[in-house]
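# Fold and contact review
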Amino acid sequence: MLADRMAESFYKGGIITDEEKEMIRFGLESLEGNLLGVGLTLAVGICFKQVGEALLLWLLLFPLRKNAGGYHAATKTRCLFVSAVILIAAFMIFAVFERTLIFYGICAMIAGCVIWVLAPVDNPSKQLDAVECKVYRRRTRIVLGTESVIFIFALLFKWEITIRSVCMTFSMVAISLLTGAIELAISNKIKTT
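Residues numbered from 1 in each chain as written. Predicted model: local features only at pLDDT ≥ 70, side-chain atom pairs only at ≥ 80, totals over all residues. Heavy atoms only, no water.

Each helix and strand in the chain was counted, giving seven helices and zero strands. Secondary structure of the chain in N-to-C order comes out as α-α-α-α-α-α-α. In terms of its C-alpha atoms, the chain occupies a principal-axis envelope of roughly 60 × 45 × 25 Å. When burial is assessed residue by residue, the chain has 34% of its 193 residues classed as buried. For the chain, long-range pairs separated by at least 24 residues make up 71% of all intrachain contacts whose partners lie at least 6 apart in sequence. Taken as a whole, the chain presents about 11700 Å² of accessible surface, with 71% of it coming from carbon and sulfur. A gap of 6 Å separates the mean positions of the 20 positive and 16 negative side-chain charges of the chain. (Helix = DSSP H or I, 4+ residues; strand = E, 2+ residues; numbered from the N terminus. Buried < 20%, exposed > 50% of the residue type's maximum accessible area, 1.4 Å probe, protein only. Contact = heavy atoms within 4.5 Å. Areas by Shrake-Rupley, 256 points an atom, 1.4 Å probe, with all protein chains shown as cover. Lys, Arg positive; Asp, Glu negative; His and termini not counted. Charge placed at Lys NZ, Arg CZ, Asp CG, Glu CD.)

A separate point is the pattern of salt bridges. Throughout the structure, instances matching the rule amount to six salt bridges. With a shortest N-O distance of 2.3 Å, R164 and E53 are connected by a salt bridge. Placement of R164 in helix α7 (residues 160-192) and of E53 in helix α3 (residues 51-68) is noted, with a sequence separation of 111 residues between them. Here R164 matches E53 in class, with each residue buried. A salt bridge links E160 to R164, with the nearest nitrogen and oxygen atoms 3.0 Å apart. On the criterion of helical spacing, the pair formed by E160 and R164 is a turn pair, its members being four residues apart in helix α7. Accessibility expressed as a relative area gives 30% for E160, which makes it partly exposed. Overlapping salt bridges bring together E8, D18 and K21 as one network. (Salt bridge = Lys/Arg side-chain N within 4 Å of Asp/Glu carboxyl O.)

Membership of the largest hydrophobic core comes to 34 residues, with the highest contact counts inside it found for I115 and F170. For this core, the secondary structure elements donating two or more residues are α2 (18-47), α3, α4 (76-96), α5 (101-118), α6 (130-157) and α7. Here the element with the most residues in this core is α7; it accounts for nine residues. Residues in contact with F170, not counting those within four places in the same chain, are L64, A108, A111, G112, I115, L144, E147 and S148. (Core = buried A, V, L, I, M, F, W, Y, C linked by side-chain atoms within 4.5 Å.)

Take it as geometry only, folks, not as evidence of what the structure does.
Structural data, given as structure tokens:
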């Protein structure tokens, strides 16, 4: 991994101490994941000639997904593949369907309700304790509320790019939460049998 090599190089170069190496590695790994996510989102946006939507989608998706949780792939490669498929599917679906304000409103409302009820959804390898659940639920609801206000203003002023981006964000996070909840239920059932 690049983050491991960089952290080790910093340590050997005397830039960081042995105690700091793990923290630096984690930070570099997070940065690498975020840059890959932005790059992937922009690449898909470029392919669909919707760079504005892609940029806005990333800005809206990142804080909501980070706090809401949901499905997590077992490996980084699988995560990148699943993310690419979901992004492409989202852009295709929102390009194909008739784009009426009613469609966007219903879609955002249903997805928003799923997010409100389910979040946060942890994953089998890192389950949240009661305090973490409470904190992430609160953060998710704050972000969801803020993005819902943005959506309402976008509907009022007919800002098509913003309307579509918020609706795509809510839909993608809701699907991730539903998938993650199913995965967690199956994992817990397997553990108890």
